[in-house]
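# Tertiary structure, described
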Amino acid sequence: MMQRPPFRPEEYSLKETRPHLGGHAAGDKLTSTYDLVEQMQYLYVRVVKAKELPNMDITGSCDPYVEVKLGNYKGATRFFEKNNHPEWNQVFAFSKERIQASFVEIVVKDKDLIKDDFIGRVTFDLNEVPKRVPPDSPLAPQWYRLEDRNGHKVKGELMLAVWMGTQADEAFPDAWHSDAASVHGGDGLASIRSKVYLTPKLWYLRVNVIEAQDLIPNDKTRFPEVYVKAMLGNQVLRTRVSPARTLNPMWNEDLMFVAAEPFEEHLILSVEDRVAPGKDEVVGRTVISLQHVPRRLDHRLLTSQWYNLEKHVMIDGEQKKETKFSSRIHLRICLEGGYHVLDESTHYSSDLRPTAKPLWKPSIGILELGILTAQGLLPMKTKDGCGTTDAYCVAKYGQKWVRTRTIIDSFTPKWNEQYTWEVYDPCTVITIGVFDNCHLNGGDKANGARDTRIGKVRIRLSTLETDRVYTHSYPLIVLTPAGVKKMGEVQLAVRFTCSSLLNMMHLYSQPLLPKMHYVHPLSVMQVDNLRRQATNIVSTRLGRAEPPLRKEIVEYMLDVDSHMWSMRKSKANFFRIMGVLSPLISVAKWFDQICLWRNPLTTILIHVLFVILVLYPELILPTIFLYLFLIGVWYYRWRPRQPPHMDTRLSHAETAHPDELDEEFDTFPTSRQPDIVRMRYDRLRSVAGRIQTVVGDLATQGERLQSLLSWRDPRATALFVVFCFIAAIVLYVTPFRVVVFLAGLYVLRHPRFRYKMPSVPLNFFRRLPARTDSML
């Protein structure tokens, strides 16, 4: 068995931090735009263009580029061939904490095969560089005469702007950063910059296949067995084979798809004839553009339409459309705007709005997230013989995804980037993931490199107090085949601001999902299939952005594999259920102790309370609610002061057996040896057998309740009916208070008046028949 390190709870705990947010500690009150992150100072150099550069080559031309030098850091623009008036318009950013020089040098050079020629330079003393703080307008660039190395003026001028700023500057996202000096090429630089992504607008497409008319099968000697196959992109659905084997078949069956705006694929419907097992022939097909499909906001039926079916025949080896073909298909097609298209797990939903914008309710607040730093990241890959990590963060809430810039070769990266989202429902979750960038130089595309997941954080907005800034360091925990592992910590600042407390409180009385989910609910199987299709569409569309948000990132953020079975999750959910039921079990045990008079004083007090409630039954409900109120006020002292985070104990991650983890990370279908699969199957059978027994026992108790009046056991039902008749007469005659009083005294009677054998009602109930006799 594999040896595990000792479990240390503090290693996986949440830690409160006190960063200097917004630079207020330094007395700078002008950085309120980025008030949830630490202020970072940068030296910005904007190289705009040059003019009247001298010819340097023998051919009488100039291939200019600009090199910006600051101490040990050096950045260069792209070069232009044979251009004396080039225009670059590139920005360079140097972190102030890494500056080890007193001046910055901007050098114009001529690109050459052997050695680049010096054309001229411009230098700036860092003490003289102006400071710019948004919302000031950008600093206007100026023309500067080039100088030689001795300070003498030479031919040519360079347009520049140099200033000191922060990460709130508009030039920050697109700047070349000095900490990314090892990254070359346009693709590499694009892959490390911060970006905001918007997921496509998703719709449910409902295709109601009603009937077809005047079909012309290829084989006219037999009645066709036809069905309809519908395709939208890579989504393929089929109706059942029409039960009526005629040339006018009927189905009246709904097919549901996920479509994304802008609509790039067409809906292709084909009527096919099953001529033999495994062999189908196309009778006719039609292509429908989604641009013209009507959209509905509620459950009212739309007008159905007839569509002509086209048939293609082979003529001289080419497929051509047959013109004289009059078969038709009757359809009712619409884009459902009243549903919310689920593309993430329902437990971690960040958006619950319907697709149609007219159905959206006003936002209730603003969510602000400051992604500060990470600490103690582990090396994720090897570079030049040393472990290294190039970390970036992705945050997802609603339709807006954000990606921070990549910090190159650092185990303690500092991002200090701030983002904002509108909030429409407080019972939603924001997800923040940390990843290692494996696509820095653009050369890893061919070998299928994948960005590595470092860890993930989820925060439910309803657990946050409004207008409070939460600054915590969250553990980044991942589960590997070797066990649970802490990959480091990420420091976040979160603030949830509510615009109207009354509106937010009103939302707690509203349904979680839009109305259509309850008026015309989708089946569990439909929801699972549609969610898988929605996830594929989102990952495909985000993967086509520049820089792409790759498939492995999107799937990890959307918890695509959360539905996969594992022994660890089953045990964790079992103990969650036991944790929920334990208070009820504790109350039952406490009441049993009362009935057995283990503590006479407590039992007497319960008797007094019981007598008061019997004499004054109108006090029962007020007493219950007052008791709940007092419990809630009492627990207020121990209310959670921290947002939720990944809990390894709750997940049973640290106690999982190595073979259980290996089974959880196994592929589907399995890639393990047959003897291992057989062992796991036997284990699963034993666990499922116990679950089957428990479910069967619960069903048995319910069936015994049903059999009280079903006359399945005529004698038992007769006894119960007679008892009910006698009880009705007694209850009519006897005051209700007396009945409750006597029943309570009987339940609370002293142990010397009790029998050790089960009671008569319990014996009677256990003798009632269940349907287990009919089980094979």
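Residues numbered from 1 in each chain as written. Predicted model: local features only at pLDDT ≥ 70, side-chain atom pairs only at ≥ 80, totals over all residues. Heavy atoms only, no water.

### Points about the overall build of the protein chain
Rules: What counts as a helix is a DSSP run of H or I of at least four residues, what counts as a strand is a run of E of at least two, and both are numbered from the N terminus. Here the radius of gyration uses the C-alpha set of atoms, whereas the globule reference equals 2.2 Å times the residue count to the power 0.38. Exposed residues in this analysis have more than 50% of their type's maximum accessible area, buried residues have under 20%, and partly exposed residues fall in between, with area computed by a 1.4 Å probe over protein chains only. Every accessible area reported is derived by Shrake-Rupley at a probe size of 1.4 Å, with residue values counting cover from the shown protein chains alone. None of His or the chain ends enter the tally, which takes Lys and Arg as positive and Asp and Glu as negative. Charge placement uses NZ in Lys and CZ in Arg. For Asp and Glu, CG and CD serve respectively.
The helix and strand tally for the protein chain stands at 13 helices and 32 strands. Here the protein chain has a C-alpha radius of gyration of 36 Å; the compact-globule value for 776 residues is 28 Å, and the former is much larger. For the protein chain, the spread of C-alpha atoms along the three principal axes comes to 120 × 90 × 60 Å. Looking at the protein chain as a whole, 41% of its 776 residues are labelled buried. For the protein chain, the computed accessible surface area is about 44,000 Å², with 58% contributed by carbon and sulfur atoms. If you average the places of the 100 positive and of the 86 negative side-chain charges in the protein chain, the two averages end up 7 Å apart.

### Some points on the side chain of T355
Put simply, the rule reads: Contact definition: two residues touch when any of their heavy atoms are within 4.5 Å.
Secondary-structure assignment places T355 in the loop between β22 (328-336) and β23 (365-375). Given the relative accessible area of 6%, T355 is considered buried. Not counting chain neighbours up to four residues away, the residues in contact with T355 comprise K201, L202, W203, E336, G337, Y339, V341 and W360.

### Observations concerning unusual backbone geometry
For the bond running from E261 to P262, omega is -5°, close enough to zero to count as cis. Within the fold, P262 resides in the loop between β15 (250-261) and β16 (267-276). Look at the link from E546 to P547: it is a cis peptide, with omega at 0°. Note that P547 resides in the loop between α4 (524-543) and α5 (551-557). Residues other than glycine seldom take positive phi values, yet K82 does so here, at roughly 50°. Locating K82 in the fold gives a position in the loop between β4 (73-76) and β5 (87-95). A relative accessible area of 63% means that K82 is categorised as exposed.

### Regarding the packing of aromatic side chains
Definition in use: Classification of ring pairs uses Phe, Tyr and Trp, with its six-membered ring standing for Trp, and accepts pairs whose centres are within 6.5 Å; under 30 degrees between planes counts as stacked, over 60 as edge-to-face, and the remaining range as tilted.
On inspection of all chains with the given rule, the structure shows 15 aromatic pairs. Here Y204 and Y339 contribute two aromatic rings whose centre-to-centre distance is 5.8 Å and whose plane-to-plane angle is 70°, an arrangement assigned as edge-to-face. Of the two residues, Y204 is situated in strand β12 (residues 201-213) and Y339 in the loop between β22 and β23; the sequence distance between them amounts to 135 residues. For the pair formed by Y204 and Y339, the shared burial category is buried. The interplanar angle of 85° and the centroid separation of 5.7 Å between the aromatic rings of F435 and Y556 together place this pair among those described as edge-to-face.

### Looking at the environment of R206
Condition: Distance and chemistry together define a polar contact, namely a pair of N or O atoms within 3.5 Å, with one atom able to donate a hydrogen and the other to accept it when in protein, and with adjacent residues in sequence counting only for side-chain atoms on both sides.
Structurally, R206 can be placed in strand β12. Sequence spacing of R206 and D682 is 476 residues, and the spatial spacing of their C-alpha atoms is 42 Å. Aside from chain neighbours lying at most four places away, what touches R206 is D254, L255, M256, R296, R332, I333, C334, E336, Y339 and L522. Within the structure, R206 has its side chain in polar contact with the side chain of D254 (distance 3.0 Å).

### With respect to the environment of D174
Within the element layout of this structure, D174 appears in the loop between β9 (153-166) and β10 (176-177). Between the C-alpha atoms of D174 and R193, which are 19 residues apart in sequence, the distance is 6.8 Å. Every residue in contact with D174, bar those within four places of it in the chain, is listed here: R193 and K195.

### Examining the state of the cysteines
Cut-off, in case you're wondering: Our working definition of a disulfide is a cysteine sulfur pair at a distance within 2.5 Å.
In the structure shown here, the tally under the stated rule is zero disulfides. Summary of cysteine pairing: C393 is not part of a disulfide, and the nearest cysteine sulfur, belonging to C438, is at 15 Å.

### Section: the pattern of salt bridges
Rule in force here: Each reported salt bridge corresponds to a side-chain nitrogen of Lys or Arg within 4 Å of a carboxyl oxygen of Asp or Glu.
What the rule picks out here adds up to 35 salt bridges. The salt bridge involving K109 is made with E67; its shortest N-O contact spans 3.2 Å. You can see K109 sitting in strand β6 (residues 103-110) and its partner E67 sitting in strand β3 (residues 64-70), a full 42 residues away along the chain. Overall, the relative accessible area of 16% leaves K109 in the buried class. A relative accessible area of 8% places E67 in the buried class. Residue R685 is joined to D682 by a salt bridge in which the shortest nitrogen-to-oxygen separation is 3.9 Å. Here D682 and R685 lie together in helix α10 (residues 674-706), a separation of three residues that amounts to about one turn.

### Considering the side chain of H177
Within the secondary structure, H177 sits in strand β10. A distance of 3.3 Å separates the side chain of H177 from the backbone oxygen of F172, its partner in a polar contact. Not counting the four nearest positions on each side in its chain, H177 is found in contact with Y42, A93, F172 and R405.

### A look at the sheet that holds strand β31 (residues 469-480)
As a reminder of what qualifies: If DSSP finds at least two bridges between two strands, the strands pair.
Here five strands make up an open sheet; going across it, the order is β1-β31-β32-β23-β28 and the pairing antiparallel. The open sheet terminates on both sides in strands that have one partner only, identified here as β1 (15-16) and β28 (414-423).

### Points about the pairing of β6
Each regular strand shows side chains that alternate between the opposite faces of the sheet. Counting buried positions along β6 gives seven out of eight residues, so the element sits mostly inside the fold. Inspection of the sheet shows β3 paired to β6 by six bridges, in the antiparallel sense. The residue bridging Y65 from the neighbouring strand is K109, located in β6. Bridge count between β6 and strand β7 (residues 117-125): eight bridges; the pairing is antiparallel.

### Notes on the nonpolar core
Applicable threshold: Put simply, buried Ala, Val, Leu, Ile, Met, Phe, Trp, Tyr and Cys residues joined by side-chain atoms within 4.5 Å make one nonpolar core.
Counting 64 residues, the largest nonpolar core has W401 and L492 as the members making the most contacts within it. Setting aside its immediate chain neighbours within four residues, L492 contacts L369, G370, I371, L372, I432, V457, I459, Y470, T471, H472 and Y474. Counting residues in each nonpolar core, the second largest holds 31 residues, with V47, C62, V104 and V162 among its members.

### Description of the sheet that holds strand β11 (residues 195-198)
Backbone-to-backbone hydrogen bonds join strands into a sheet, with any given pair of strands oriented parallel or antiparallel. Put simply, the rule is: Lines fitted to C-alpha atoms define the axes, with helix axes restricted to the stretch in contact, and inter-axis angles between N-to-C directions lie between 0 and 180 degrees.
Strand order across the open sheet formed by five strands is β11-β27-β26-β29-β30, with antiparallel pairing between neighbours. Either end of the sheet is taken by a strand with one partner, and the two such strands are β11 and β30 (452-460). With strand direction ignored, the average angle separating the axes of adjacent strands in the sheet is 20°. Relative to strand β29 (residues 429-436), strand β26 (residues 391-397) runs antiparallel, the two sharing six bridges.

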